[in-house]
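A structural walkthrough
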Amino acid sequence: MTTPCPVSNVRAEPDSLAGQVRNALPVHTQPVLSKGDKPVNQPLDLKALAQADPRHWKKAAALRVLAMDAVAAANSGHSGMPMGMADVATVLFEKHLKFDAADPDWPDRDRFVLSAGHGSMLLYGLLYLTGVEDMPLEEIRNFRQLGAKTAGHPEFGHAKGIETTTGPLGQGLANAVGMAMAEEAMRARFGRKIVDHRTWVIAGDGCLMEGISQEAITLAGRQKLSNLIVLWDDNGISIDGPVSITDVTDQKERFAASGWDVFECDGHHPASIDRAMEAAKVSKGPAMIACRTHIAIGSAAQDTAKGHGALTDAGLIADTRKAYGWKGGAFEIPKDVLADWRETGSRGAAARGEWEGRVAALSESRRKELARVISGEVPKRLASEIRKLKKQVSADAPKVATRKASEMALGAINRVMPETIGGSADLTGSNNTKTADLGVFGPEDRKGRHVHYGIREHAMAAAMNGMALHGGVMPYGGTFLCFADYARGAMRLSALMGQRVVYVMTHDSIGLGEDGPTHQPVEHIAMLRATPNMNVFRPADAVETAEAWELALNATTTPSVLALSRQNLATVRTEHTNTNLTAKGAYVLAEATGRRMAILIATGSEVEIALKAREALEAEGFGTRVVSMPSMELFAQQDEKYRRRVLPAGPVRVAVEAAVRQPWDRWLLGERGSEKKAAFVGMEGFGASAPYGDLYAHFGITAEAVADKVRALL
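Predicted model, so just to flag it, every value in this text is computed and none were measured.

Per the secondary structure count, the chain includes 28 helices and 22 strands. The C-alpha atoms of the chain give 28 Å as radius of gyration, which agrees with the globular expectation for 714 residues (27 Å, within 12%). Viewed in the frame of its principal axes, the chain has a C-alpha envelope of about 95 × 55 × 45 Å. Evaluated residue by residue, the chain yields a buried proportion of 62% over its 714 residues. Put simply, the chain shows about 26200 Å² of open surface, and 51% of that area lies on carbon and sulfur atoms. Of the side chains in the chain, 83 bear a positive and 84 a negative charge, and the two mean positions are spaced by 4 Å.

Shown next as structure tokens:
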């Protein structure tokens, strides 16, 4: 059982409410942890736990047996975490989570994120037991099967109640930071009567070992996100064995040092869990509760590495059910237990009804604006603002870097889209993500709309995913394109989840110059183009940049990357058109004046190189077309007729891009092309440190080199 004793908190005032509640918390004494954090197993009296609170025990046991049954039926999965955290989840859903199973997506619900996504059956069990329509028992039976909503790890969009895709450890924790930030921003805009909810996270040792967790918790600490509560499954076990063989971190001190309030509870004692959650809810900053638990509780695999994985042995499962006092068959939940859970699922209906009443009482314009930002619809004025900017740029023909052009576009966008929240990973002045009217988002001003993420590219990307998932805000964030490496895990999940997140990635080639090959991306555009459901834009000038932004903001189920130059580029679109040509992915920028003999295809800063090569070739009588291809993804989506019109058979083709060739062969050799009539001008290795003009000459990315390729092919 437990021994009452005070739980300290280095940040709380002794006479604060949180401090008073915390001083009543019992500290978990089973398992006893020795120095070095290695579990020392002691007998656990399950009968005593069941007798202390029979109703709670049965509800938690329902979660445990569903997890065991589903994993056994699939012959794969992770049984131990759902078994160990069932008590914590039961208390959370029964007493603290603002949730209505009849409408799991209502906007002012609490968010529940299972960052330890391998324990997905805990979430699926909760959704089924509380009565979420999307999660019938048949889906539990089909756990991990083709076409089932119950994937091996939770996947956003498969069923209502799954707030985010987790599995890559630490991502859910960082998503939750973004959700909490979005809640703060929306509350500042619409008021506490309309936006007032928390974000709860279950995270395991693996989540806290991943580097993204450090970025996320320090960001949350700086932001003082008092609406964020992390429930750490402190079971001392990982796949390879005791956590102590790989880690000596004092996680409670780590969180406290990062600006969090830290609490502790017995993860199998409902009253202890409840008191810790009550204390966390009145914290002035983000809160972490260390929930001391037994992985695979009650089974022969308890407190072992085996308990982490799939417990499929029939004898072990039978013995464990007996230890729980569970008499039903596989997937059978007693009627009284299911009814109790369904009552828990309906507990939030009254709160939802009251919220709907408050929304109905808003003015019509306010109500429409709330509905618009929640739906993700862009304001009607956006298109006209983009057209106005394009017309001005075409007339003025400025020579500016596309990172500056992006700032120009954002100046127009941020005026008409108050839901945008921008930011940068400590490169604001280089990424040009902050326009004059934004202000800075932080505890000092929740109405600010630009986030100083610090040097935390991975957490920035994951937090933006969380913002997009939360809804009501439109996140964009900047860093150097080369540092997509740091953000890659979260960027992939943006695409997998179909979230509208805009990555402003500047310094997109050797054109950044003297910083050298560590900062010069050569393979990164190919990597991002290879990612399914991700639009990569590499605009050639300020007109294409404005068009790319318009497309990115309207792509409600696709993330976008804007690869932008450091160096100034000439305006190549000097003739205004209301049509968004970038929407086609590629288009004819300059046509051959005589018989078409060559087609030059280019992106970004190399479009003007292609235009200069065309001038030389045309002067020699070689009719040359120039195709600007700002987005390969969008061009690939066009019908065959349009693609054939842009890239017809016959002429030789030369592509030019200051990056590796890898994604170009479809457009050079395929699409009616031929290896004998195609060439590429670009990078074959890493860059170097020098002024950018010298680098282009050194690596042979010049108009003359492009013209020479055409001459050789002809």
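Next, the rest of the story.
Overall, parallel pairing links the 6 strands, which are arranged S13-S12-S14-S15-S17-S16 in an open sheet. Edge strands, defined here as strands with exactly one partner in the open sheet, are strand S13 (450–452) and strand S16 (535–537). Each strand axis lies, on average, 20° off the axis of its neighbour in the sheet, ignoring direction. Two elements, strand S12 (residues 420–424) and S13, share 3 bridges in a ladder whose sense is parallel. Note on S13: the bridge partner recorded for Gly 422 is His 450. The strands touched by helix H19 (residues 457–470) are S12, strand S14 (474–480) and strand S15 (502–506); relative to S14, the strand with the most contacts, the crossing angle is about 165°.

What follows concerns the packing of helix H3 (residues 54–74) against helix H5 (residues 120–130). In the contact formed by H3 and H5, the axes pass within 9 Å of each other and the chain directions differ by 120°. The orientation of H3 relative to H5 falls into the category oblique. Between H3 and H5 lies a crossing of right-handed hand. Where H3 approaches H5, its residues Ala 62, Leu 63, Leu 66, Ala 67 and Ala 70 are matched on the opposing element by Met 121, Leu 122, Gly 125, Leu 126, Tyr 128 and Leu 129. Looking at side-chain class alone, the contact of H3 with H5 contains 10 nonpolar, 1 polar and no charged residues.

The next subject is unusual backbone geometry. At Asp 303, a position not held by glycine, the phi torsion is positive, near 65°. When you line up the elements, Asp 303 lands in the loop between strand S11 (287–292) and helix H12 (314–324). You will see that Asp 426, though not glycine, has its phi angle at about 65°, which is positive. With respect to the element layout, Asp 426 can be found in the loop between S12 and helix H18 (428–431).

A word on the packing of helix H9 (residues 211–223) against H19. Viewed as axis vectors pointing N to C, H9 and H19 meet at an angle of 70°, and their least axial separation amounts to 8 Å. When the axes of H9 and H19 are compared, the pair comes out roughly perpendicular. Of the residues in H19, those in contact with Ile 212, Glu 215 and Ala 216 of H9 are Glu 457, His 458, Ala 459 and Ala 462. A per-class count over the contact of H9 with H19 returns 4 nonpolar, 1 polar and 2 charged.

So, on to the sheet that holds strand S19 (residues 596–602). As a general point, the strands of a sheet are linked pairwise by backbone hydrogen bonds and lie either parallel or antiparallel. Judged by pairing direction, the sheet is mixed, and its 5 strands sit side by side in the order S18-S20-S19-S21-S22 without closing on themselves. Two strands lie at the open edges of the sheet, namely strand S18 (587–590) and strand S22 (678–681), each paired on one side alone. Mean inter-strand twist for the sheet, computed between neighbouring axes without regard to direction, equals 30°. Note that strand S21 (residues 652–656) and S22 share 4 bridges and pair parallel.

You can see Leu 528 is positioned in helix H21 (residues 524–529). The exposure class of Leu 528 is buried, given its relative accessible area of 0%. Beyond its immediate stretch of four places on either side in the chain, Leu 528 contacts Leu 481, Ala 484, Met 491, Met 534, Val 536 and Val 561.

Let's shift gears to helix H20 (residues 484–497). Residues three or four positions apart in an α-helix share a direction because the helix packs 3.6 residues into each turn. For H20, which comprises 14 residues, the first-to-last C-alpha distance of 18 Å matches the rise-based estimate of 20 Å (1.5 Å per residue) to within 8%. Of all the bends in H20, the largest measures some 40° and sits at Ala 490. Burial in H20 covers these residues: Ala 484, Ala 487, Ala 490, Met 491, Leu 493, Ser 494, Ala 495 and Met 497. Tucked into the core, H20 has its buried residues touching helix H7 (171–190), H19, S14, S15, H21 and strand S17 (560–563).

Scanning all chains against the criterion turns up 48 salt bridges. A salt bridge links Asp 274 to Lys 95, with the nearest nitrogen and oxygen atoms 4.0 Å apart. Pair noted here: Asp 274 is in helix H11 (residues 270–281) and Lys 95 is in helix H4 (residues 80–96), with a separation of 179 residues, a long-range link. One salt bridge connects Arg 711 with Glu 704, and the closest N-O pair in it is separated by 3.2 Å. If you follow the salt bridges from partner to partner, you end up with Glu 640, Arg 643, Arg 644, Arg 666, Glu 671 and Arg 672 in one network.

Taken across its 5 residues, S12 has 5 buried, putting it largely inside the fold. Neither face of S12 is left uncovered, since the one carrying Thr 420, Gly 422 and Ser 424 and the one carrying Ile 421 and Gly 423 both have all their residues buried.

Thresholds, definitions, all that
Residues numbered from 1 in each chain as written. Predicted model: local features only at pLDDT ≥ 70, side-chain atom pairs only at ≥ 80, totals over all residues. Heavy atoms only, no water. Helix = DSSP H or I, 4+ residues; strand = E, 2+ residues; numbered from the N terminus. Rg over C-alpha atoms; globule rule 2.2 N^0.38 Å. Buried < 20%, exposed > 50% of the residue type's maximum accessible area, 1.4 Å probe, protein only. Areas by Shrake-Rupley, 256 points an atom, 1.4 Å probe, with all protein chains shown as cover. Lys, Arg positive; Asp, Glu negative; His and termini not counted. Charge placed at Lys NZ, Arg CZ, Asp CG, Glu CD. Pairing = 2+ DSSP bridges. Axes fitted to C-alpha atoms, helices over the stretch in contact; angles between N-to-C directions. Contact = heavy atoms within 4.5 Å. Parallel < 35°, antiparallel > 145°, perpendicular 65-115°, else oblique. Left-handed = near helix turned anticlockwise from the far one by under 90°. Nonpolar A, V, L, I, M, F, W, Y, C, P; charged D, E, K, R; others polar. Expected span 1.5 Å × (residues − 1). Bend = angle between axes of the 7 residues up to and from the residue. Salt bridge = Lys/Arg side-chain N within 4 Å of Asp/Glu carboxyl O.

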